[in-house]
Amino acid sequence: SRLCRGRDFQIHRVLTAFNSAVTGEREILLERYLEGWDELVKFLESLGTVIGFISQEVKGKLGVVRELRRGAPATEEEEEGGDPYRTLRSMMAHELRAGLVDFRRQSLSGCRTLLRLHRALHWLQLFLRAVGRSSAGDSMGALCSVAYNQALAPYHSWLLRQAVGVALVALPDRAEFFRIVCGEEEEEEEKGEREREGRQLLERTVLAITRVYNITQEAYQANGMLDLP
Ligand code: 1PX
């Protein structure tokens, strides 16, 4: 109901977080980036238990980056900026310098962890764009799996891909999806207005996510880190 919406997912918080994650120097502020993901986790959690392993996975990755951030003392070169995990580029520089990034085997770095979130953001970008262009009756599961096959499946094992296939069956239908994104409806005549607003918000969110995605992609590319195991 409306009364408890404060604790629920609000797409404008995703928009605000990802918009304010980008600075004038095209830096990505990690705290804002992670906050954007916190809000997406709320959406996942509202979908129930079948999707539960996906939100656990995301929360795990967010936790790893935050843990590394807490544990990192500022070194001399970084002293000026203070926190080496303040931005994506400062994290990359710090972890490379500290020898935390392993290019050959799996390691516990912020760089490899955030790369997983980055790929998931690619999925989200494709999915939300498809949702925005969809019409009544389109299957969310189908839109979701087209985006999944393009953005994430290439990095997942056969077994995981099967599990994801099962989870997608539990997705809400399109009307329910728009209700979650656009807000609850009381008055029938408000409905058209609300859907228009919701679509606009969705479009702006896709743009914000795309901008963050592109800058992040450039940074990973520049450091040769797009394939970190
Ligand atoms: C306004 C609408 C908002 C919708 C928000 C939905 C955000 C969902 C984001 C999905 C995040 C997936 C994270 C995947 C990270 C990953 O690839 N991890 C794998 C590799 O990690 P590792 O440390 O081993 O290298 C890990 O093995 C994967 C675990 C399971 C994740 C399965 C991902 C499935 C993505 C499909 C999305 C379905 C969500 C539907 C929501 C509408």
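Analysis parameters
Residues numbered from 1 in each chain as written. Predicted model: local features only at pLDDT ≥ 70, side-chain atom pairs only at ≥ 80, totals over all residues. Heavy atoms only, no water. Phe/Tyr/Trp six-rings, centres within 6.5 Å; stacked < 30°, edge-to-face > 60°. Helix = DSSP H or I, 4+ residues; strand = E, 2+ residues; numbered from the N terminus. Core = buried A, V, L, I, M, F, W, Y, C linked by side-chain atoms within 4.5 Å. Buried < 20%, exposed > 50% of the residue type's maximum accessible area, 1.4 Å probe, protein only. Contact = heavy atoms within 4.5 Å. Axes fitted to C-alpha atoms, helices over the stretch in contact; angles between N-to-C directions. Parallel < 35°, antiparallel > 145°, perpendicular 65-115°, else oblique. Left-handed = near helix turned anticlockwise from the far one by under 90°. Nonpolar A, V, L, I, M, F, W, Y, C, P; charged D, E, K, R; others polar. Arc of directions from axis to C-beta. Salt bridge = Lys/Arg side-chain N within 4 Å of Asp/Glu carboxyl O. Near = heavy atom within 4 Å. Polar contact = N/O pair within 3.5 Å; in protein donor to acceptor, adjacent residues only side chain to side chain. Areas by Shrake-Rupley, 256 points an atom, 1.4 Å probe, with all protein chains shown as cover. 1 Å grid on protein atoms, 1.4 Å probe; cavity = no way out; pocket = protein on both sides within 12 Å on 5 of 7 lines; lining within 4 Å. Sits in = over half its atoms within 2 Å of the grid points.

S.K.: Talk me through the packing of aromatic side chains; I want residue IDs and the actual numbers.
M.R.: Taken as a whole and assessed by the stated rule, the structure comprises six aromatic pairs. Taken together, a centroid distance of 5.9 Å and an interplanar angle of 85 degrees make the contact between Phe 18 and Tyr 33 edge-to-face. Taken together, the positions of Phe 18 in helix 1 (residues 11–20) and Tyr 33 in helix 2 (residues 30–45) put the pair 15 residues apart, joining distant regions of the chain. Taking 5.8 Å as the distance between ring centres and 85 degrees as the angle between the ring planes, the aromatic pair formed by Phe 127 and Phe 177 counts as edge-to-face.

S.K.: Describe the nonpolar core, listing the residues and the values that go with them.
M.R.: One recurring pattern in soluble globular proteins is that nonpolar side chains are buried together. Phe 18, Tyr 33, Trp 37, Leu 88, Trp 123, Phe 127 and Tyr 220 are the most contacted members of the largest nonpolar core, which has 64 residues in total. Considering every element that reaches this core, the biggest residue donor is helix 5 (residues 110–133), with 12 residues. Discounting chain neighbours no more than four positions away, the residues touching Tyr 33 are Phe 18, Ala 21, Ile 28, Leu 114, Leu 117, His 118, Leu 121, Val 212 and Thr 216.

S.K.: I'd like to hear about the packing of helix 6 (residues 140–151) against helix 7 (residues 158–168), residue by residue, with values.
M.R.: Across the interface, helix 6 lies against helix 7 with an axial gap of 10 Å and an inter-helix angle of 155 degrees. What the angle tells us is that helix 6 and helix 7 run roughly antiparallel. By crossing handedness, the relation of helix 6 to helix 7 is classed as right-handed. For the pair helix 6 and helix 7, the contacting residues are Gly 141, Cys 144, Ser 145 and Tyr 148 in the first and Leu 160, Arg 161, Val 164 and Leu 168 in the second. The class makeup of the residues in the contact of helix 6 with helix 7 is five nonpolar, two polar and one charged.

S.K.: Run through helix 7, naming residues and quoting values.
M.R.: Every buried residue of helix 7 is accounted for by Val 164, Ala 167 and Leu 168. Projected down its long axis, helix 7 shows its buried positions confined to an angular sector of 95 degrees, all on one face. Turned more than 90 degrees from where helix 7 packs its buried face, Trp 158, Leu 159 and Val 166 sit exposed. Those residues of helix 7 that are buried lie in contact with helix 3 (52–71) and helix 6.

S.K.: Can you tell me about the pattern of salt bridges, naming the residues and giving the values?
M.R.: With the rule as written, the count across this model stands at 14 salt bridges. Within the structure, one salt-bridge network assembled from shared partners comprises Glu 31, Asp 38, Arg 66, Arg 69 and Asp 83.

S.K.: If you had to explain the site of the ligand to someone new, which residues and values would you point to?
M.R.: What surrounds the ligand is a group of 26 residues, the closest being Glu 57, Lys 61, Arg 112, Arg 116 and His 156. Between the ligand and the protein, one listed contact pairs a nitrogen atom with a side-chain N or O atom of Glu 57 at 2.7 Å. Between an oxygen atom of the ligand and a side-chain N or O atom of Arg 116, the distance comes to 3.0 Å. A total of 940 Å² of accessible area belongs to the ligand in isolation, and the protein chains cover 89% of it. Of the pockets mapped on this structure, the ligand occupies the largest pocket. Counting only elements with at least two residues in the shell around the ligand, the list comes to helix 2, helix 3, helix 5 and helix 7. In terms of residues, the shell around the ligand owes the most to one element, helix 5, which gives seven residues.

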